[in-house]
Amino acid sequence: MRKSVKILLGLVVLLIIARLLLPYFVVRYVNKVLADMDGYTGRIEDVNISLLRGAYQIEGMNIQKVNGQVKEPFIQIPLTDLSVEWDAIWKGKLVGEVITYNGEINFAFSEDEGSSQTGVENDWTQVVKDLMPIEINRFAIVDGQIDLTNVISQPGTDLSMKNFQLQIENIRNVEEKGARLPSPVKASGDLQGYGGSLDFKADMNLLKQTPDFDYQLNFDKVQLVELNKLAREYADIDFEKGTISIYSELAMYDGKLEGYVKPLTKDMQIFKLKEENNKEEKRGVGGFIKELLAEGGKEVLENQKKDQVATNIPLQGDVSNVETSIWPILGGMVRNAYIEAFKAEFDNSVQFSDLFSSSSNETKGSSNATNKANDRKQRREERKQERKQRREERKKD
């Protein structure tokens, strides 16, 4: 056998051995990354490596809080795919994409540190960077589940979202380099137990420390009776039937934001003379009167033709101070009841371009004001020097 053939066969054998051993070293590396997190620890079961795709798949990822009292793991993902995004390579960018399948994340909110599980103790972006050592341009969640325990501690309120889908594209701005909001974001899910659904669409600039965005958010047909725990706690009433839908548009540029939230109820009933399941035994005289007054107020503010109560809550300000006013809210309720019923859809009244132009004009105006102030200061200083020079000349004379 020729020497060159032997060398070639030897290289092939070495590559096969390296390929067989590679998953073992990758598993060890990933488990080390997950074990070294702040406040959390985790491990995986196995990895599958595809050299031709430039990818590897993580199987059975499980992350738990250290010394936590919550039984459910913080993150549990049966399958995660991490790969090179080949389309971006042809555009001169080495970036990757991460896709998780059937993952579950369990948040828990509590004043007791041991019973709280929010993930704030750890920098999760660093974990992702360690697992994917190139910049991520696309992130997706397929058929995920989000569980929130004790969202409001008094009373304890849980929220579960299933069939959660999330897709964030062009994170590193490989496409549309001149766009101010280059990253499209889409999310949807079903509110388990509440009978409603979530739909979220946005365009974002994720490369800024405080991201710019322009979003539309809709919670559709949430059952009011499922909110009775909150209604009893904070208003001492409960709902007999009806749904609520929430439409919201919001835009933010350089920390300044503008938008609205439009809640809209359909077929809402609060008061019932005789409640079922012996609920009237728990409802005292005060509760009876409150529900009666609330039902009366609803009738006054309800659009009888559409059987709906709705308003529009304007939002404006910045990330540290979001402002609204009671008068537009009341005006919106009256308008819906007696002038024109609000539609169960987005108003399309929020434009990121308007916010950008307004902010740019403010910056330009501020810059002009600063320049004028500097000019006035300079002229005062020049006059001061002229007076000083004249005084010195008179002294010499």
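About the cut-offs
- Every chain is numbered on its own, with residues counted from 1 as its sequence reads.
- With the structure being a predicted model, the display of local features is reserved for residues of pLDDT at least 70 and the display and counting of side-chain atom pairs for 80 or more, all residues being used for whole-chain, interface and lining totals.
- In computing side-chain properties, one takes all heavy atoms of the structure into account and sets aside hydrogens as well as water.
- Strands here are runs of E lasting at least two residues and helices are runs of H or I lasting at least four, both read from the DSSP assignment and numbered beginning at the N terminus.
- Centres within 6.5 Å make a pair out of two Phe, Tyr or Trp rings, where for Trp the six-membered ring is used; the pair is then stacked when the planes are under 30 degrees apart, edge-to-face when over 60, and tilted otherwise.
- Remark: a charge is flagged as sitting over a ring if the NZ atom of Lys or the CZ atom of Arg is within 6 Å of the ring centre and within 35 degrees of the ring normal.
- In this analysis, a patch consists of residues with relative accessible area above 30% that form no salt bridge, clustered at 9 Å for like charges and at 5 Å for the nonpolar side chains Val, Leu, Ile, Met, Phe, Trp and Tyr.
- Working definition of accessibility: Shrake-Rupley area with a 1.4 Å probe, residue cover restricted to the visible protein chains.
- Within this document, salt bridges are pairs made up of a side-chain nitrogen of Lys or Arg and a carboxyl oxygen of Asp or Glu, the two lying within 4 Å of each other.
- Burial classes follow relative accessibility: with a 1.4 Å probe on protein chains only, a residue under 20% of its type's maximum area counts as buried, one over 50% as exposed, and anything between as partly exposed.

Participant: Provide a residue-level description of unusual backbone geometry, including the pertinent values.
Facilitator: Notably, N67 is not glycine yet its phi reads approximately 60°, a positive angle. Within the secondary structure, N67 is located in the loop between β3 (55-65) and β4 (75-84). Notably, N348 is not glycine yet its phi reads approximately 55°, a positive angle. Note that N348 resides in the loop between α7 (326-339) and α8 (352-396).

Participant: Any details on the packing of aromatic side chains? Residues and values, ideally.
Facilitator: For the coordinates displayed, the defined rule picks out 10 aromatic pairs. Ring centres of Y40 and F74 lie 5.2 Å apart, and the angle between their planes is 40°; this geometry places the pair in the tilted category. With Y40 in strand β1 (residues 40-43) and F74 in the loop between β3 and β4, the pair connects residues that are 34 residues apart, well separated along the chain. Aromatic side chains F107 and F109 sit 6.4 Å apart centroid to centroid with 20° between the ring planes, which places their arrangement in the stacked category. In textbook terms, an aromatic cluster arises when at least three aromatic residues are bridged by ring pairs, as seen for Y40, F74, F107, F109 and W124. If you follow K208 out to its NZ or CZ, it ends over the ring of Y253, 4.9 Å from the centre. For the cation-ring pair, K262 lies above Y247, with the distance from its terminal atom to the ring centre recorded as 5.7 Å.

Participant: If you had to explain a nonpolar patch on the surface to someone new, which residues and values would you point to?
Facilitator: Among the surface-exposed residues, V300, V334, Y338 and I339 lie close enough to one another that they form a single nonpolar patch of about 430 Å² accessible area. Element by element, the count of residues in the nonpolar patch is highest for α7, at 3 residues. The residue V334 is located in helix α7 in this model. We classify V334 as partly exposed; its relative accessible area is 39%.

Participant: Give a description of the pattern of salt bridges that names residues and reports values.
Facilitator: Per the counting criterion, the structure on display carries 11 salt bridges. K208 serves as the salt-bridge partner of D212, at 2.9 Å between the closest nitrogen and oxygen. Classification of D212 by relative accessible area gives buried; the value is 2%. Residues E340 and R335 are paired through a salt bridge, measuring 3.8 Å at the closest nitrogen-oxygen approach. You can call E340 partly exposed: its relative accessible area is 44%. With relative accessibility at 39%, the residue R335 sits in the partly exposed group. Among the ionic contacts, a cluster of salt bridges with common partners joins K65, E113 and E121.

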